Amino acid sequence: MTAFMGRDLGLLIVAFCTLAWATESIFHPVSQLHRSAALEFFSSPDGHFGSLVDTYEALRTFQVLGIQKDAKIRTSACASVLETLKSPTSDTKHIFHALKTNSLLTCEINHEVFWGIQSGLTDSLNGASALLDFYYAIGSLVLLKDQIPEVSLNEGDANRIAQSIKTLSQSDGRWRLNSNNPESSFDAAGMAIEAIAGVISLSTSEIDPNVIDALKNDVVKLFDGIQRYDDGTYYFEEKLVDAHGYQGPLSVSASVVRGIAAFAAVTPESLHLSDEKILGLSKYFLGIGVPGSAKDVYNLIDALACINNLKGSIPLLLSFPASVISTTKNNQVKVKATNVLGSVIPNLSIKLMQIFTKGSKDGSVIDQKLKYDHETEVHVLETLPESIDIGSYIFSFEAVFDDPEEKKNYATGGRTKVPIYITGVVSIDNAEIAILDSDSESSESVKLDLKRENAVSLSANHLQKMKLSFHLTTPSQHSFKPKQAFLKLTHESGVEHIFLVGTSGKKFEIVLDFLGLVEKLFYLSGKYGIQLTLGDSAMENSFLRTLGYIELDLPDAPEKAPRPPPQRVDVYSRYGPKPEIAHIFRAPEKTAPAWLSNTFLALVIIPFIGFIVSLFGLGANFKAFPKKTTSAAFALLFHVGIAAVLLLYVAFWIKLDLFTTLKVLGLIGAFLLVVGHKTLAYLAAASSSSKLKSS
Amino acid sequence: MALTILQGFLISILWLAVLASGFSEDSPTDRRVLVLLDDFAIKSSHSLFFKSLEIRGFDLDFKLADDPKLALQRYGTYLYDAAILFAPTTERFGGSIDAASFLDFVDSGHDLILAADASSSELIREIAVECGVDFDEDPAALVVDHTSYAVSEEYGDHTLIASDDFIESDVILGSKEIKAPVLFKGIGHTVNTANSLVVKVLSASSAAYSADPNAVLSNSPTLIGSSISLVSVVQARNNARILISGSLSMFSNRFLRSSVQKAGSTSKYEKSGNEQFLAELCRWVFHERGHLKALNVKHHKVGEVEEPSMYRIKDDVEYSVEVYEWSGTSWEPYVADDLQLQFYMMSPYVLKTLSTDQKGLYYTSFKVPDVYGVFQFKVEYQKLGYSTISLSKQIPVRPFRHNEYERFIPAAYPYYGASFAMMGGFFVFTLSYLYTK
């Protein structure tokens with residue numbers, strides 16, 4: 001609960017501070033920026049703008065901004081105006097736009113053409129029930145009246161039409177487009193007021209004063225529905241955002257302004273519009289700056305032109321070419337008094353009424369008149385008041401007319417408060433940095449020149465202190481306290497520590513007691529870079545300087561000491577190719593060299609050869625080989641079989657696998673069994689018979 | 001008549017098909033963009049920015065942030081491909097949308113542009129925090145820089161910053177150098193050190209700090225120096241891209257059109273760098289640059305074409321992949337020299353940089369290690385600003401079969417010799433034993 005209250009209180013304080021500081025933003029009148037934007041958006045390389053609406057919008061914008069139009073545009077636009085007016089199929093909307101374009105171009109059109117459309121317009125006016133029908137027909141008739149002054153409405157018609165438009169109004173000041181549609185809008189309100197203003201101007205006699213009073217009431221109600229931004233700008237915005245044909249606040253506000261301006265032009269009395277709201281509206285348009293589309297540029301410029309003709313409440317703008325005043329360049333506070341379109345309003349003087357120091361509510365009363373420079377048409381504050389040093393202030397200006405009667409024509413909005421920054425060069429003296437041993441005087445002290453980079457190298461342990469001090473003085477020899485006075489220690493590993501440099505009177509001093517800071521420094525010994533940043537919005541020589549470095553010898557970190565925060569990995573090094581990896585294959589087993597194997601192979605073969613040689617030596621023979629053909633065949637097959645088995649083993653070594661070998665071996669084995677039995681049986685029989693013989 | 005109805009029907013079906021397809025590699029163009037505003041005035045005051053998007057073919061749908069009919073998806077499909085949140089002060093969204101909805105929106109691969117401003121709401125900060133960006137918690141704080149501010153007649157308090165500390169990345173900011181500094185007025189943020197997906201695009205100078213410009217500092221500010229990020233981008237793991245800026249006004253017509261002169265510099269630029277900076281950055285955010293796709297991953301033994309189901313240890317293998325980059329209109333071959341292939345089982349056994357033919361094809365060959373098991377061909381490509389390529393293809397590696405070992409080992413010849421001599425001896429012995437008389 002308390003936490004919430006505390007937070008709310010904090011918010012309240014913030015809100016109050018904001019209120020106390022609520023200065024209006026500076027608004028500049030229509031400028032070159034608008035002109036270049038208009039030229040960009042309404043560019044017509046072939047002298048052609050597309051539809052008549054576009055043509056009108058372009059021409060109207062150019063007219064207000066004072067841009068010379070191309071002769072080609074006139075030719076092609078006039079041709080299309082004439083075509084529309086002559087065509088029997090043109091509806092009132094097209095005729096309206098054609099006449100509007102014509103009013104800007106004054107094309108050479110025969111009066112008969114105008115008479116031709118006049119009757120059609122009157123007919124459609126009599127049959128009209130929807131607001132747009134009224135709007136286009138009346139608008140066209142008003143424009144026709146400029147061409148042929150005889151065009152008018154008689155009293156009965158005028159009152160009847162005004163009444164039937166009036167029935168579409170709503171209690172909140174908005175209007176409906178027709179009686180069947182319950183949706184009402186500010187946009188329609190603007191058109192309705194413009195239409196009734198047209199009826200009043202067309203009427204041959206005085207219109208019913210009740211209608212005018214009711215309309216005035218409507219205007220007041222309309223202005224009750226205006227929206228406000230925090231910076232003092234006012235605008236109209238439709239409540240129903242999703243409605244079909246939604247119009248942005250710019251075009252809605254422009255439509256209302258057009259209506260009000262038309263109405264103000266035809267009533268002799270004042271409309272009693274609030275100065276604040278009219279100024280706010282014009283500031284809204286000026287605050288938009290450069291809009292993003294041709295339509296918006298037209299709406300903005302046309303609305304500003306309409307506001308500028310608003311009788312009795314022409315907005316008076318005090319604009320400031322510069323709000324940053326440099327004392328080194330001898331800049332002066334300049335004020336320009338203009339209307340919204342940027343033309344200078346003569347016969348008035350500007351007074352500097354009050355100056356507030358930032359942060360305090362009460363301002364010193366000055367009441368100083370500014371000098372008017374006829375050449376540049378600006379009011380200049382020639383000398384700043386004595387008490388003003390560099391810093392940020394709020395100046396309060398007021399426009400005073402030479403002729404007090406003239407004030408009634410303008411909406412001045414009272415005093416204009418503007419933030420003014422007086423800047424200058426702050427001098428820095430007596431800068432020195434020192435390492436102190438406990439509380440005794442300095443062991444080494446180095447003078448610094450803060451006008452350039454320094455490269456002092458210091459060293460300290462955790463029992464010592466570092467002291468940095470300097471003086472700041474403003475050009476008028478006052479002490480100066482900048483907003484930003486930071487001392488930064490950066491460890492080699494990238495860990496940064498910021499210390500605010502405090503002030504005692506004129507002297508800025510910071511003492512870093514490393515004993516108390518070891519934990520904050522994460523017990524990181526090593527080289528620390530020292531940087532000093534001094535900056536303020538009033539200080540022209542704000543800087544960030546490297547002072548040098550300090551080698552710190554701090555004790556080892558105890559176990560539970562906080563670890564330094566992880567440093568961010570450099571984005572460029574985080575990616576990129578990794579080092580290649582090649583697989584290391586297992587080395588082949590180490591074997592004896594070939595010559596050795598071959599030698600042993602030879603050695604192994606020798607006994608075999610010896611065996612054969614000795615066999616012959618012992619007199620081995622084939623005498624016992626069977627003589628009988630069948631037995632000889634079996635013996636032969638038996639030995640061929642054995643040879644086949646042995647060759648099979650050779651083949652097994654060379655290429656065969658175990659399965660094939662066993663299969664073949666099985667077959668040969670079976671064969672060997674048979675022939676072996678026959679052969680051995682024969683040999684056994686032979687040997688037993690020979691034994692018998694011998695015995 | 002019937003024909004025209006049928007045509008209309010077909011066209012509407014086609015159109016629906018276009019609507020339904022969100023972000024995909026087959027058509028990586030984000031086209032439908034939801035723009036949420038605090039106030040419709042932003043639509044006209046920031047119209048140049050919006051117009052530049054519309055010219056590039058984006059279909060912007062402007063809505064008030066508290067519009068009760070606000071919806072991001074219908075029947076489970078998203079209505080938009082991307083969102084622009086220009087509603088810094090909105091405390092809660094209309095409809096049933098909240099911060100989590102936008103995070104889900106990003107999680108499903110959609111892009112987001114978020115602009116905060118001084119006095120940003122908790123809601124906007126929450127979304128930013130979830131993206132790895134922490135805005136200064138002090139609601140009154142602005143980035144102040146007394147050394148590299150923009151010389152201005154209007155903002156004398158040095159909160160209008162002219163920054164030219166851009167990230168050096170052609171893919172994020174385009175290859176054309178941004179000469180003029182970018183104007184910025186708003187709040188600063190830091191990026192989470194543990195988060196490697198966030199990248200600072202525009203940083204403050206080392207003399208900047210973030211504090212209430214009207215108050216006197218009592219403590220050292222939390223955000224200071226070049227660790228302050230003014231504009232950051234995030235590329236999520238699903239390649240959704242997010243742009244986070246601490247200033248809404250940097251998108252405004254006024255800043256886009258304003259001339260700029262940095263304090264202490266003599267060069268004055270007719271136009272600030274904002275337009276180029278934002279156009280290039282949006283190109284990146286909307287995947288018109290730096291979005292890669294990999295195609296046709298192939299591997300086979302040297303000299304063969306067919307992809308085997310298994311490799312043997314010590315086989316010679318060829319691997320190839322094609323990589324293309326989306327240029328906004330078509331897929332262009334991607335040319336780089338740092339694509340790497342890993343032959344991976346628990347850890348990479350082989351890591352090789354791929355060669356390229358400069359037309360998008362990357363290839364290499366290597367010998368399968370003499371370790372058997374289930375390996376993967378892996379291409380993990382991460383590069384600043386590019387979408388991640390992560391390819392992996394599993395392939396088993398077997399040892400030698402019993403008959404694939406070496407048969408004629410010279411060192412064994414004495415043993416073979418002994419065997420065969422023995423066999424020969426046996427043959428001769430049988431003959432002599434059986435038949436000698």
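Fair warning: this is a prediction, and the values are worked out from it, not measured in the lab.

Colleague: Would you explain the overall build of chain A in this entry?
Modeller: Within chain A, the regular secondary structure consists of 18 helices and 25 strands. The dimensions of chain A, computed from C-alpha atoms along their principal axes, are 180 × 95 × 60 Å. Sorting the 695 residues of chain A into buried and exposed places 45% on the buried side. Sequence-distant contacts in chain A: of pairs separated by 6 or more residues, those separated by 24 or more amount to 69%. For chain A, the computed accessible surface area is about 35200 Å², with 57% contributed by carbon and sulfur atoms.

Colleague: Just checking my understanding: could you explain the overall build of chain B for this structure?
Modeller: Counting secondary structure elements, chain B contains 9 helices and 28 strands. Relative to the 2.2 N^0.38 estimate, which gives 22 Å for 437 residues, the radius of gyration of chain B is 32 Å and therefore markedly larger than a compact globule would have. With respect to the three principal axes, the spread of C-alpha positions in chain B is 135 × 75 × 40 Å. For chain B, the accessible surface area stands at approximately 19200 Å², while carbon and sulfur atoms represent 54% of it.

Colleague: When you look at the packing of aromatic side chains in this model, what are you seeing that I'm missing?
Modeller: Aromatic rings considered in pairs are described by the distance between their centres and by the relative angle of their planes. In this structure the tally under the stated criterion is 46 aromatic pairs over all chains. When the ring centre of Tyr549 of chain A is taken as origin, the NZ or CZ atom of Lys527 of chain A, which lies over that ring, is 4.1 Å away. In this arrangement the basic side chain of Arg241 of chain B is found over the ring face of Trp284 of chain B, its NZ or CZ atom lying 4.2 Å from the centre.

Colleague: Help me understand the environment of Ile148 of chain A in this model?
Modeller: Residues and elements named next belong to chain A. As for its placement among the helices and strands, Ile148 is situated in the loop between α7 (131-147) and α8 (155-166). For Ile148 and His111, which are 37 residues apart along the polypeptide, the C-alpha to C-alpha distance reads 7.5 Å. In this view, Ile148 contacts His111, Phe114 and Trp115; residues no more than four positions away in its chain are not counted.

Colleague: I keep staring at the nonpolar core and nothing clicks. Help me out?
Modeller: Nonpolar side chains in soluble globular proteins tend to end up buried together. All names here are of chain A. Within the largest apolar cluster, 107 residues are counted, with the highest numbers of intra-cluster contacts made by Leu85, Ile165, Ile260 and Phe285. With 12 residues, helix α9 (residues 186-202) is the largest single contributor of residues to this core. Apart from the residues lying within four places of it in its own chain, the contact partners of Leu85 are Ile95, Ala98, Leu99, Ile109, Val113, Phe114 and Ile117.

Colleague: I would appreciate a short explanation of the interface of chain B and chain A in the present structure.
Modeller: How big an interface is tends to be expressed through the accessible area that disappears when the partners come together. Taken together, the contact pairs 88 residues of chain B with 89 residues of chain A. Summing both partners gives a buried area of about 7500 Å² for chain B against chain A, and 63% of it is carried by carbon and sulfur. Run the count over chain B and chain A and you get 1 salt bridge. A salt bridge links Arg257 of chain B to Glu40 of chain A; the shortest N-O distance between them is 3.3 Å.

Colleague: Sorry if this is basic, but what is going on with the state of the cysteines here?
Modeller: One way to say it: the disulfide is the covalent bond shared by the sulfur atoms of two cysteines. Applying the stated rule across the entire model yields 1 disulfide over all chains. Between the sulfur of Cys78 of chain A and that of Cys107 of chain A lies a disulfide, 1.9 Å long from S to S. Looking down the S-S bond of the Cys78 of chain A and Cys107 of chain A bridge, the torsion is -85 degrees, so its handedness is left-handed. A residue pair is termed long-range when its members are at least 10 positions apart, and Cys78 of chain A in helix α4 (residues 71-86) and Cys107 of chain A in the loop between α5 (92-105) and α6 (111-126) qualify at 29 residues. A relative accessible area of 10% means that Cys107 of chain A is categorised as buried. No disulfide involves Cys282 of chain B; its sulfur sits 16 Å from the nearest other cysteine sulfur, which is in Cys131 of chain B. With relative accessibility at 1%, the residue Cys282 of chain B sits in the buried group.

Colleague: Looking at this model, I keep getting lost on the sheet that holds strand β6 (residues 317-319) of chain A. Mind explaining?
Modeller: Strand pairing in a sheet relies on backbone hydrogen bonds. The paired strands run either parallel or antiparallel. All names here are of chain A. Pairing is antiparallel across the open sheet formed by 4 strands, whose spatial order is β6-β8-β12-β11. The open sheet has two edge strands with one neighbour each: β6 and β11 (371-373). Averaged over all pairs of adjacent strands, the angle between their axes in this sheet comes to 30 degrees, without regard to strand direction. Bridge count for strand β8 (residues 333-338) against strand β12 (residues 378-381) is 3 bridges, and the pairing is antiparallel. Of the residues in β12, the one forming a bridge with Val335 is His379.

Colleague: Got a minute to help me understand the pairing of strand β6 (residues 111-115) of chain B in this structure?
Modeller: For a regular strand, side-chain orientation follows a simple rule: the groups alternate between the two sheet faces. All names here are of chain B. For β6, the tally of buried residues reaches 5 of 5 residues, placing the bulk of the element in the interior. Across the two faces of β6 the burial is the same, with Asp111, Ile113 and Ala115 and Leu112 and Leu114 all buried. Where strand β5 (residues 82-86) and β6 come together, 4 bridges link them in parallel fashion. Paired with Leu85 across the strands is Leu114, a residue of β6.

Colleague: What should I look at first to understand the packing of α7 of chain A against α9 of chain A in this one?
Modeller: Helix-helix packing: each pair is described by the crossing angle between the helix axes and the interaxial distance. Residue and element names in this part refer to chain A. Between α7 and α9, the shortest axis-to-axis distance is 9 Å and the interhelical angle comes to 40 degrees. Classed by the angle they form, the pair α7 and α9 counts as oblique. By crossing handedness, the relation of α7 to α9 is classed as left-handed. Along the contact surface, α7 presents Leu131, Leu132, Tyr135, Ile138, Leu141, Val142 and Lys145, while α9 presents Ala188, Met191, Ala192, Glu194, Ala195, Gly198, Val199, Ser201 and Leu202. Here the contact of α7 with α9 is composed, by residue class, of 12 nonpolar, 2 polar and 2 charged.

Colleague: What am I meant to see in the layout of surface pockets here?
Modeller: Empty space among the atoms can be located by rolling a probe the size of a water molecule over them. Approximately 1100 Å³ is the volume attributed to the second largest pocket. Along its surface, the second largest pocket is lined by 32 residues, and Glu496, Gln567 and Arg568 of chain A together with Thr193 and Ser227 of chain B are the ones closest to its centre. Sorting the residues of the lining of the second largest pocket by element identifies β21 (496-500) and α15 (571-574) of chain A together with β10 (165-166), β12 (189-191) and β13 (198-203) of chain B as the ones contributing at least two each. Broken down by class, the residue content of the lining of the second largest pocket amounts to 14 nonpolar, 12 polar and 6 charged.

Colleague: Mind showing me how you'd approach the pairing of strand β1 (residues 32-37) of chain B here?
Modeller: Residues and elements named next belong to chain B. The buried fraction of β1 amounts to 5 of the 6 residues, a majority that puts the element mostly inside the structure. Of the strand pairs in this sheet, β1 and strand β2 (residues 59-64) are connected by 6 bridges, and their pairing is parallel. What sits directly across from Leu34, in β2, is Asp61. The pairing of β1 with β5 spans 5 bridges and is classified as parallel. By the bridge assignment, Val33 is partnered in β5 with Ala82.

Colleague: Is there a simple way to explain a negative patch on the surface in this structure?
Modeller: Residue and element names in this part refer to chain B. Where like charges cluster on the molecular surface, the negative patch consists of Glu91, Asp98, Asp104, Asp107, Glu122, Glu126, Glu130, Asp134 and Glu137. For the negative patch, the secondary structure elements donating two or more residues are α4 (99-107) and α5 (122-130). The element that contributes the greatest number of residues to the negative patch is α5, accounting for 3 residues. Tracing the sequence through the fold places Glu130 in helix α5.

Colleague: How should I be thinking about the confidence of the model for chain A in this particular structure?
Modeller: Should the pLDDT be low somewhere, the predicted coordinates at that spot are not to be read in detail. Residues and elements named next belong to chain A. The predicted model of chain A averages 82 in pLDDT, with 93% of residues at 70 or higher. When the elements of chain A are averaged for pLDDT, helix α1 (residues 2-20) gives the smallest value, 39, and helix α17 (residues 629-654) the largest, 92. Contacts of residues 1-23 to residues separated by more than four positions or lying in other chains number 8 contacts, the stretch itself having pLDDT below 50.

Colleague: Please explain the sheet that holds strand β7 (residues 324-326) of chain A as it appears in this structure.
Modeller: Residue and element names in this part refer to chain A. Strand order in the open sheet formed by 5 strands is β7-β15-β13-β9-β10, and the pairing between neighbours is mixed. Of all strands in the sheet, those with a lone pairing partner are β7 and β10 (363-369), marking the two edges. Each strand axis lies, on average, 30 degrees off the axis of its neighbour in the sheet, ignoring direction. Pairing of β7 with strand β15 (residues 416-423), which is carried by 3 bridges, proceeds in the parallel orientation. Of the residues in β15, the one forming a bridge with Ser326 is Thr423.

Colleague: So what exactly am I meant to see when it comes to the packing of helix α11 (residues 249-266) of chain A against helix α13 (residues 294-308) of chain A here?
Modeller: Residues and elements named next belong to chain A. At their nearest, the axes of α11 and α13 sit 9 Å apart, and the two run at 30 degrees to each other. Comparing the axis directions of α11 and α13 gives the class roughly parallel. Crossing angle aside, the handedness with which α11 passes α13 is left-handed. Contact residues: α11 offers Leu250, Ser251, Ala254, Val257, Arg258 and Ala261, while α13 offers Asp296, Tyr298, Asn299, Leu300, Asp302, Ala303, Cys306 and Ile307.

Colleague: Before we go on, may I ask you to explain the environment of Lys488 of chain A in this structure?
Modeller: As for its placement among the helices and strands, Lys488 of chain A is situated in strand β20 (residues 484-491). The class of Lys488 of chain A is buried, set by a relative accessible area of 7%. In the structure, Lys488 of chain A is positioned 40 residues away from Tyr528 of chain A in sequence and 9.2 Å away in space, judged by C-alpha atoms. Ignoring sequence-local partners within four residues, the contact set of Lys488 of chain A consists of Glu496, His497, Ile498, Gly529, Ile530 and Gln531 of chain A together with Ser206 of chain B.

What counts and what doesn't
- Residues numbered from 1 in each chain as written.
- Chains lettered and ligands numbered in written order.
- Predicted model: local features only at pLDDT ≥ 70, side-chain atom pairs only at ≥ 80, totals over all residues.
- Heavy atoms only, no water.
- Helix = DSSP H or I, 4+ residues; strand = E, 2+ residues; numbered from the N terminus.
- Buried < 20%, exposed > 50% of the residue type's maximum accessible area, 1.4 Å probe, protein only.
- Contact = heavy atoms within 4.5 Å.
- Areas by Shrake-Rupley, 256 points an atom, 1.4 Å probe, with all protein chains shown as cover.
- Rg over C-alpha atoms; globule rule 2.2 N^0.38 Å.
- Phe/Tyr/Trp six-rings, centres within 6.5 Å; stacked < 30°, edge-to-face > 60°.
- Lys NZ or Arg CZ within 6 Å of the ring centre and 35° of its normal.
- Core = buried A, V, L, I, M, F, W, Y, C linked by side-chain atoms within 4.5 Å.
- Buried area = accessible area lost by both parts, 1.4 Å probe.
- Salt bridge = Lys/Arg side-chain N within 4 Å of Asp/Glu carboxyl O.
- Disulfide = S-S within 2.5 Å.
- Pairing = 2+ DSSP bridges.
- Axes fitted to C-alpha atoms, helices over the stretch in contact; angles between N-to-C directions.
- Parallel < 35°, antiparallel > 145°, perpendicular 65-115°, else oblique.
- Left-handed = near helix turned anticlockwise from the far one by under 90°.
- Nonpolar A, V, L, I, M, F, W, Y, C, P; charged D, E, K, R; others polar.
- 1 Å grid on protein atoms, 1.4 Å probe; cavity = no way out; pocket = protein on both sides within 12 Å on 5 of 7 lines; lining within 4 Å.
- Points joined across faces, edges and corners; volume = space filled by probe spheres on them.
- Patch = residues over 30% accessible without salt bridge, like charges linked within 9 Å, V, L, I, M, F, W, Y side chains within 5 Å.
- Lys, Arg positive; Asp, Glu negative; His and termini not counted.
- Charge placed at Lys NZ, Arg CZ, Asp CG, Glu CD.
- pLDDT = per-residue confidence, 0-100.

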